[in-house]
Amino acid sequence: MRWGDHKITYSAGEAACQDSEQVKDHVNQALLEFIRPNSASQFAQHAPELAKFREAIAPSNSKNNVEFLRSFREFIPTTNYEPYRPFIAKFFATPCREADVKDMFAPGLPYFFAMSSMTSGKAAKTFPKYRPPPHLLQHPLYLALPPSEGTTLSPSSVKYQQVLKIMREDGESSKEVTVCSLSIGYLRMAMNWDVEDDKDRLDLWVPGQTDPYAISMVKSYRAYFVLNALFALADRAVTTVRFFFANVFVNFLQYVEDEWSLLVDCIEKGIIPDVEDLGHLRAPLEKHFPPNPLRAAELREIGPPGIQGWAVRVWPDLNKFIGITGGPAAASVPKVTHILGPSVLIEAPAYGGSECGIAITYHKGNPKTDFKVAFVDAVIEFLDAHSDEPSDHVLSVWELVTGGHYEPVLTTVNGLWRYRLGDVVAVKGFDPDDGLPIINYLHRRDGSLELAFGTTCTESQLTDAIVSAANRWIGQILDFTIVGDERDTPITYGYLVEIAGEIGNNARMAPQQTFEDLMAANHEYRVAFWQGRSRQPTIRLVEKGTFSEYRRQKSEKMNVSIGQVKVPVVILDAAYQEWLLKKVIMEL
């Protein structure tokens, strides 16, 4: 099968790395680079889960690389977050002394702590990030600001949840460590932006970005979007648009549409609008924003977002959109492609999480969905997602088969040992150049709605069903989530959907089509229905702006950047469920 002009190797049913010896050498070398130094860490020396490994690498074996790797594969079990929690808690103690936390997971002290995305309603997990060698900061997995031949519209924030103070051994000085999103941490790391100097950078404008630094310190959700829109619309030279999630770009476009007249008037006169009390941020923003009546006239002629290809009329050199278009963001893809037009390439950012980077965009395949596994800050192993074997039966990349579904298991430079990610990916094939797997993200392994009848549809099945029904019957979806609908028995999937524009004439057909798609996609669901243990899903529409308000609330509650907040496919938080149900305006 060909993607572009490049063949991806398919060998269904076979363990498929043709260059398995080369791949084994590559994996073993990377693994040694990570676990040799980290085996001396406080975690590796004291965690009960690693006791058998410690025994195995006692002095006689520890110098022998072959034995060291064999001991890793034989004695390191798979782990979840719980073993790391008490060790991470030491960084949050007051006072926190350097001697207590130095070499905790990897040599030295962390540069920052990355927060997980908090979609489940549970408390955010935090993962220590140590400064990598300088050359790695240019790798796509670390790159906070993507390279572009023109200007990039990539709204960034420097918000952080808190700053941890680690008292140095001299007892006088301290090291400050921020707790923030992964992208903010990498941006601060790459630019050497320490928290204590934030106020000294207010006049800064990083070359190639539409947004001056001062916007990244704006706290209000609405002001943040309106000001990013203002500076982006004023800049005709945008070539790349980058939003972490495609549906956040749709959110951004909504602000552009709502505030169109104000934005264009401000561009004409060189005025920063009164979107909130900007205080000390107003002066540096005004300094960067001269009047531009010619650009304002051009924008008035084009009009607000609506027509197909609007974005390339506003930014004639625009050629690339970078953003996640799978999972919950899939519902907004038709709107994004309509606004961008056919000439703009859409590609996903690299695949990974707060734990580590896993894979880079595979440009020789489908850049929206194909990723090539990369051993940059982690070695990735796998568990068979369909296997009944114990979770300690871990597979290396050369044992994977095309078409197989797997859960990634991570051993990272930052000190995670065989950590289960909880995602499920499919192996699409192998890169003929080096034999490494090409994967597609499918869904969270634990992210589906546990229904009372004990059967689950996956996130991707639930998403595909509503996207298909929307395209045919409902209209353009902006966002959606699912709650357990217990208004009747048995419990069922209750879709809450926000749409843009007019509702379709035959929207009442949507629940039936969603039901048929789930029946076709999931055997357990089908069996449960025929046994009277499930019923047709329900679809209710919520008022305009509901999910924008959800993001704002989550962003302010957790004090994290807006781009870090994603709307989960299934919402489990009871308080947010109740809040969302109050926003319902009609049922299909």
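From a predicted model like this one, the values you see are computed outputs, not experimental measurements.

To continue, consider unusual backbone geometry. With an omega of -5°, the peptide bond between Thr 94 and Pro 95 qualifies as cis. Looking at the secondary structure, you find Pro 95 in the loop between helix 6 (85–89) and strand 3 (96–97). In the Ramachandran plot, Asp 103 falls in the positive-phi region, its phi being about 55° despite a non-glycine side chain. By the secondary structure assignment, Asp 103 is in the loop between helix 7 (98–101) and strand 4 (112–115).

Moving on, we get to the sheet that holds strand 22 (residues 538–542). Spatial ordering of the open sheet is given by 20-21-22-23, a layout of four strands whose pairing is mixed. Where the open sheet ends on each side, the last strands, each with one partner, are strand 20 (476–485) and strand 23 (584–587). Sheet twist, expressed as the mean angle between neighbouring strand axes with direction ignored, is 30°. Of the pairings in the sheet, the one linking strand 21 (residues 492–500) to strand 22 comprises four bridges and is parallel in character. Its bridge partner being in strand 22, Leu 496 is matched across the sheet by Arg 540. Where helix 20 (residues 574–581) meets the sheet, it contacts strand 20, strand 21, strand 22 and strand 23, and its direction lies at approximately 120° from that of strand 20.

As enumerated under the stated definition, the model contains 35 aromatic pairs in all. Ring geometry for Phe 53 and Phe 68: centres 5.7 Å apart, planes at 70°, overall edge-to-face. In this pair, Phe 53 sits in helix 3 (residues 51–56) while Phe 68 sits in helix 5 (residues 65–75), placing the two residues 15 residues apart along the sequence. On the numbers, 6.3 Å between centres and 40° between planes, the contact of Tyr 84 with Phe 105 is tilted. Taken together, the positions of Tyr 84 in the loop between helix 5 and helix 6 and Phe 105 in the loop between helix 7 and strand 4 put the pair 21 residues apart, joining distant regions of the chain.

Next up on the list: the environment of Val 66. Inspection of the secondary structure assignment puts Val 66 in helix 5. Residue classification places Val 66 among the exposed positions, given a relative accessible area of 62%.

To continue, consider the pattern of salt bridges. In total, this model carries 33 salt bridges according to the counting rule given. Among the ionic pairs, Glu 98 bridges to Arg 168, the shortest N-O distance being 3.5 Å. A residue pair is termed long-range when its members are at least 10 positions apart, and Glu 98 in helix 7 and Arg 168 in the loop between strand 7 (162–167) and strand 8 (174–180) qualify at 70 residues. Owing to a relative accessible area of 31%, Arg 168 belongs among the partly exposed residues under this scheme. A salt bridge links Asp 485 to Arg 535; its shortest N-O distance comes to 4.0 Å. Residue Asp 485 is located in strand 20, and its partner Arg 535 is located in the loop between helix 18 (523–530) and strand 22; the two are separated by 50 residues in the primary sequence. Among the ionic contacts, a cluster of salt bridges with common partners joins Asp 485, Arg 487, Arg 535, Arg 540 and Glu 587.

Before going further, it helps to spend a moment on helix 15 (residues 333–340). Taken residue by residue, helix 15 has Val 333, Lys 335, Val 336, Ile 339 and Leu 340 as its buried positions. Looking down the long axis of helix 15, one finds its buried residues gathered within 160° of arc, a one-sided arrangement. Immediately beyond the C-terminal end of helix 15, within one or two residues, lies Gly 341, with a positive phi of roughly 85°.

Among the residues making up helix 11 (residues 260–269), those that are buried are Trp 260, Leu 263, Val 264, Cys 266 and Ile 267. Within helix 11, the buried residues cover an arc of 160° as seen down the axis, which keeps them to one side. Of the residues in helix 11, the exposed ones pointing more than 90 degrees away from the buried face are Ser 261 and Lys 269. Elements that come into contact with the buried residues of helix 11 comprise helix 9 (221–234), helix 10 (246–258), helix 13 (293–302) and helix 14 (310–314).

On to the environment of Gly 504. Here Gly 504 lies in the loop between strand 21 and helix 17 (510–521). Note: C-alpha distance between Gly 504 and Ile 474 (30 residues apart in sequence) is 4.7 Å. Those residues in contact with Gly 504 that sit more than four places away from it in its chain are Trp 473 and Ile 474.

Calculation rules
- Residues numbered from 1 in each chain as written.
- Predicted model: local features only at pLDDT ≥ 70, side-chain atom pairs only at ≥ 80, totals over all residues.
- Heavy atoms only, no water.
- Helix = DSSP H or I, 4+ residues; strand = E, 2+ residues; numbered from the N terminus.
- Pairing = 2+ DSSP bridges.
- Axes fitted to C-alpha atoms, helices over the stretch in contact; angles between N-to-C directions.
- Contact = heavy atoms within 4.5 Å.
- Phe/Tyr/Trp six-rings, centres within 6.5 Å; stacked < 30°, edge-to-face > 60°.
- Buried < 20%, exposed > 50% of the residue type's maximum accessible area, 1.4 Å probe, protein only.
- Salt bridge = Lys/Arg side-chain N within 4 Å of Asp/Glu carboxyl O.
- Arc of directions from axis to C-beta.

In short, geometric facts, not functional conclusions.
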